[in-house]
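Next come the chains, spelled out residue by residue.
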Amino acid sequence: MPPARAIAPAPFGLAVAAALLLGVLVVQGFAQLPPWPFAALLVAAGAWLWSRPGAARPFGAALVGLALASLHGQAAMALQLPAERSGQGATLEGRILGLPVGEVDAVRFELRVTAAQGDAAALVGRRLRLGWYTRPPDTLPVIEPGSVWRFEVRLRTPRGLVNPGGFDFERRALEQRIAATGYVVKPDQARQLLPGTGLDHARSRLSQRIASALPPSQARFVTALALGDTRGLSDDDWQVLRATGLTHLIAISGFHVGLVAGFGALLGQLLHRALPGNRSRWPRPQVTAAGALLLAAAYTALAGFALPTVRTLLMIAVVLVARLARRPQGLAEALAFALIAVLLADPLSVLAPGFWLSFLGVAWLAWCLPRLHAGNVLVPFVQAQGVAVLGLLPLSVWFFSQASLPGPLVNLVGIPWISLLVVPLALAGMAMEPFSDAAANACWQASGQLMQWLWIALERIAAWPPALVWLPEPSLLAVALAMAAAFWLLLPRGTPGKPLAALLMLPLLWPAIDRPSQGEFDLVLLDVGQGLSMLVRTQHHDLLYDAGPAVPRGLDLGEAVVLPALRAHGVRRLDAMVLSHGDNDHAGGGDAVVRGMATARVLAPAGWARKGMTVCRTGQAWTWDGVTFSFLHPTPHFPYLGNQSSCVLRVEANGTSALLPGDIGRHVEARLARLPALEARADVLLVPHHGSDSSSSLDFIAAVRPSLGLVAVGHQNRFGLPKPIVLDRYQRYRVALLDTAHSGAIHLRLGPGGVQVRQRMRQDRRRYWRDAVPGGSGYAVGSPEPDR
């Protein structure tokens, strides 16, 4: 008998799709992209191998994925504003994209540049993210979606903050091809050149129409579900949705596109029955598929081509086009084909969490559906929910570091309630709106009322304290083990070892936390822009020194940066928080931290400390786990003088110490410099006042004699900090400097072994889309060794 021949992988099958995905993923770990000629050669070689039948086909697909991802990454990076032009002004014209977001004193929007002069002409055709700010009594401008404007703007290269558990804005800007961010500098000279037109304008008009028919408490949900317009949802609303596990349903999701496709298929069947004369030319399966595809495409366009809807449309299109061509495919083949189509069209889509949640969710269901109980409708539905929850848990923790305990049960009610009652009524209202205002209003009102009834229950569930569980930042290995555990647990009944498989979830759900030993402490200087926040950790205790700024026209970094970083480090409770003084860049995020995490006590200087806070003053000291904390300033009866009244904290363990002086100036520095040498000396100095010339006097540096200085400073900040003259002083004493602008979050460990630089996130987690200085500081002062 001749030997059996190996079956060659199908050109668009699962093996090829997985190989293509692997190639794309490898590139996302690169610190630098390969040259484009090399990538172009790889595309050609990979495409040739892919086209040839045989076992090398997946290898060819992997090469294509690697090369295409490199080329797309280079193209997206080339679109961005060059760093040397960051901060410059420009006069340009452009069309408003999407739906502008109005706030109390600002409007934020995206703009496609259509015309510009001088150096800004290179921005034509690119996407910008802009803000238009006003001051009372000025009113916010009305910016219509799809309208054309002329602005004078100040632009910056997309750049974000880099922290444990933090949002990577530079990655998001790359994924969405944002060329620059900025703001309108002369609002009185801005001019609208053309009124709003196009799909976005139609979405805005429909959103306003729904809002006029419903009270705000209901309209915000109907516009979100019908149009993907989530501008009306507050932070509290999103918190409720996260705690109940329903975030995926509130904005337009892939399931809603599938629902509309189902309506299209039904309309196609009705049309086929109504036109019996064309049945021989247009068979019913083809008419049904065409109706489903057309309606799904129209709804995706009305939703603003949001990525989840586009991915679902591609999956539906693959299945339906195959049916139109009379070559039906199974769900697994359709999923593989859709994955290939998405990756070839945009390899950078793998940077979005929605890509993974949607494809993996369908993949789990496609694998498990044939084995689900088919006795009645309820049992398969419950089983499908269990599959989705277990299969997507590892990725949910990886992307969001959280899990909803009541989520699985809430989804059993929420999914059919929203998708089979609320959404169809909202869509029916849109369908009726051109013909009958009364019918449209009735549909929207019924939809809004149903959602409000559900919302009352959701708010009560979300108020349960353990509803939302925050988990430490997981490692890639922990996620891989959890995925293997999910696969094992979802194998057919009778598969041995399932209890052991559950143990593989432990590194994800109960990870080992890297804490200092007895007599050691960690310093984690967070990247909060032009502000300060530092976590001090001992073996069993956590102290937060300052909480970052709450920008009046931007983010509260206490909520957006500090809390996620604390949770990523496994902090569940703060034993103390020191707010060095009352300036916004140090204390602005304090309220958000107290709201979001149990805090045993808050210390602040006299004269500013609010009710419930403890006053910090010289002489206070305590010991945690062999680490001594002591305040060196302010002295008793010292008046509150802002920066000069900063709580100065010294932390010492086994002869290694750190000094955290807040924003003190030279007068306070002079007093500290006169302290006994053992009190003033420190191995690590948090550079006072972000490197301002009003601080860091030579006498102070000489008294402290640090080996390493940490500078909490924002990138290209408007104050020009740290000042060159201050850097010269540290250079004179050969103090190595690290700063958050160039290093991102900085993690040190101090103890018997001296000072260890454990991590500089912008350098140690380098990615090709992330601006990073290899040395870590960007200053000609010296760079510390990884271990000192």
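Owing to the predicted nature of the structure, the values given are computational and were not obtained by experimental measurement. (Residues numbered from 1 in each chain as written. Predicted model: local features only at pLDDT ≥ 70, side-chain atom pairs only at ≥ 80, totals over all residues. Heavy atoms only, no water.)

K.L.:
Describe the overall build of the protein chain, with residues and values.
P.N.:
Counting its regular elements, the protein chain contains 28 helices and 25 strands. For 788 residues, the compact-globule formula gives about 28 Å, and the C-alpha radius of gyration of the protein chain, at 29 Å, lands near that figure. The C-alpha extent of the protein chain, read off along each of the three principal axes, is 100 × 75 × 55 Å. Counting only residues that meet the buried cut, the protein chain has 51% of its 788 residues in that class. For the protein chain, the accessible area works out to roughly 35100 Å², and carbon and sulfur atoms hold 62% of it. Here the protein chain carries 69 positive and 50 negative side-chain charges, and the mean point of each set is 9 Å from the other. (Helix = DSSP H or I, 4+ residues; strand = E, 2+ residues; numbered from the N terminus. Rg over C-alpha atoms; globule rule 2.2 N^0.38 Å. Buried < 20%, exposed > 50% of the residue type's maximum accessible area, 1.4 Å probe, protein only. Areas by Shrake-Rupley, 256 points an atom, 1.4 Å probe, with all protein chains shown as cover. Lys, Arg positive; Asp, Glu negative; His and termini not counted. Charge placed at Lys NZ, Arg CZ, Asp CG, Glu CD.)

K.L.:
Which residues make up helix 23 (residues 666-673), and what values do they have?
P.N.:
Listed in full, the buried residues belonging to helix 23 are Val668, Glu669 and Leu672. Projected down its long axis, helix 23 carries its buried residues within an arc of 105°, all on one side. Looking at the buried positions of helix 23, the neighbouring elements they touch are strand 18 (627-633), strand 19 (648-653), helix 24 (677-680) and helix 25 (698-704). (Arc of directions from axis to C-beta. Contact = heavy atoms within 4.5 Å.)

K.L.:
Pulling in residues and values, what's your account of the pairing of strand 18?
P.N.:
Counting buried positions along strand 18 gives six out of seven residues, so the element sits mostly inside the fold. Sheet analysis places strand 17 (residues 621-624) next to strand 18, joined by four bridges and oriented antiparallel. Its bridge partner being in strand 18, Trp624 is matched across the sheet by Val627. From the end of strand 17 to the start of strand 18, which pair antiparallel, there are two residues, and Asp625 there has a positive phi angle of about 55°. (Pairing = 2+ DSSP bridges.)

K.L.:
Provide a residue-level description of the packing of aromatic side chains, including the pertinent values.
P.N.:
The tally for this structure, following the rule as stated, stands at 16 aromatic pairs. Note on Phe221 and Trp455: the rings are 4.6 Å apart at their centroids and 45° apart in plane angle, and the pair reads as tilted. One end of the pair, Phe221, is in helix 6 (residues 216-227); the other, Trp455, is in helix 16 (residues 437-462), and 234 residues separate them in sequence. Seen in terms of ring centroids, Tyr768 and Trp769 are 5.1 Å apart; in terms of plane orientation they differ by 80°. Their pairing is edge-to-face. Accessibility classification places Tyr768 together with Trp769 in one group, the buried group. Site record: aromatic cluster; members linked through ring pairs are Phe109, Trp132, Trp149 and Phe151. The ring centre of Trp470 lies 4.0 Å from the NZ or CZ of Arg567, which sits over that ring. Directly above the aromatic system of Trp622 lies the positively charged group of Arg601, at a separation of 4.8 Å from the ring centroid. (Phe/Tyr/Trp six-rings, centres within 6.5 Å; stacked < 30°, edge-to-face > 60°. Lys NZ or Arg CZ within 6 Å of the ring centre and 35° of its normal.)

K.L.:
Can you lay out the packing of helix 1 (residues 14-27) against helix 12 (residues 331-345) for me, pointing to particular residues and giving the numbers?
P.N.:
Packing of helix 1 against helix 12 brings their axes to within 9 Å, and their N-to-C directions diverge by 30°. Accordingly, the angle class assigned to the pair helix 1 and helix 12 is roughly parallel. Crossing handedness for the pair helix 1 and helix 12: left-handed. Listed contacts from helix 12 to Leu14, Val16, Ala17, Leu20, Leu21 and Val24 of helix 1 are Ala332, Ala336, Leu339, Ile340, Leu343 and Leu344. (Axes fitted to C-alpha atoms, helices over the stretch in contact; angles between N-to-C directions. Parallel < 35°, antiparallel > 145°, perpendicular 65-115°, else oblique. Left-handed = near helix turned anticlockwise from the far one by under 90°.)

K.L.:
Talk me through the nonpolar core; I want residue IDs and the actual numbers.
P.N.:
Residues Leu343, Phe355 and Phe359 are the most contacted members of the largest nonpolar core, which totals 57 residues. Breaking this core down by element, the ones donating at least two residues are helix 1, helix 2 (36-51), helix 3 (57-79), helix 11 (307-324), helix 12, helix 13 (353-368), helix 14 (378-400) and helix 17 (476-489). Per-element tally for this core: the top contributor is helix 3, with nine residues. Contacts of Phe355, omitting those with residues within four sequence positions, involve Leu21, Arg311, Leu339, Val342, Leu343, Ser349 and Val350. Core analysis: the second largest hydrophobic core is formed by 47 residues, Leu246, Leu320, Ile418 and Met451 among them. (Core = buried A, V, L, I, M, F, W, Y, C linked by side-chain atoms within 4.5 Å.)

K.L.:
Describe the layout of surface pockets, listing the residues and the values that go with them.
P.N.:
Within this model, the second largest pocket holds a volume of roughly 660 Å³. Lining the second largest pocket are 20 residues, with Leu21, Leu335, Leu339, Leu360 and Ala363 sitting closest to its centre. Contributions of two or more residues to the lining of the second largest pocket are made by helix 1, helix 12, helix 13 and helix 17. Residue contributions to the lining of the second largest pocket peak at eight residues, all from helix 13. Partitioned by chemical class, the residues of the lining of the second largest pocket number 20 nonpolar, no polar and no charged. (1 Å grid on protein atoms, 1.4 Å probe; cavity = no way out; pocket = protein on both sides within 12 Å on 5 of 7 lines; lining within 4 Å. Points joined across faces, edges and corners; volume = space filled by probe spheres on them. Nonpolar A, V, L, I, M, F, W, Y, C, P; charged D, E, K, R; others polar.)

K.L.:
Please set out the pattern of salt bridges residue by residue, giving values where relevant.
P.N.:
Under the counting rule described, the total for this entry stands at 26 salt bridges. Among the ionic pairs, Glu110 bridges to Arg129, the shortest N-O distance being 2.7 Å. Residue Glu110 is located in strand 2 (residues 106-116), and its partner Arg129 is located in strand 3 (residues 127-133); the two are separated by 19 residues in the primary sequence. Residue Glu110 is classed as buried on the basis of its relative accessible area, which comes to 15%. On the basis of relative accessible area, Arg129 is assigned to the partly exposed category, the value being 27%. (Salt bridge = Lys/Arg side-chain N within 4 Å of Asp/Glu carboxyl O.)

Everything listed is a geometric property; what it means functionally is a separate question.
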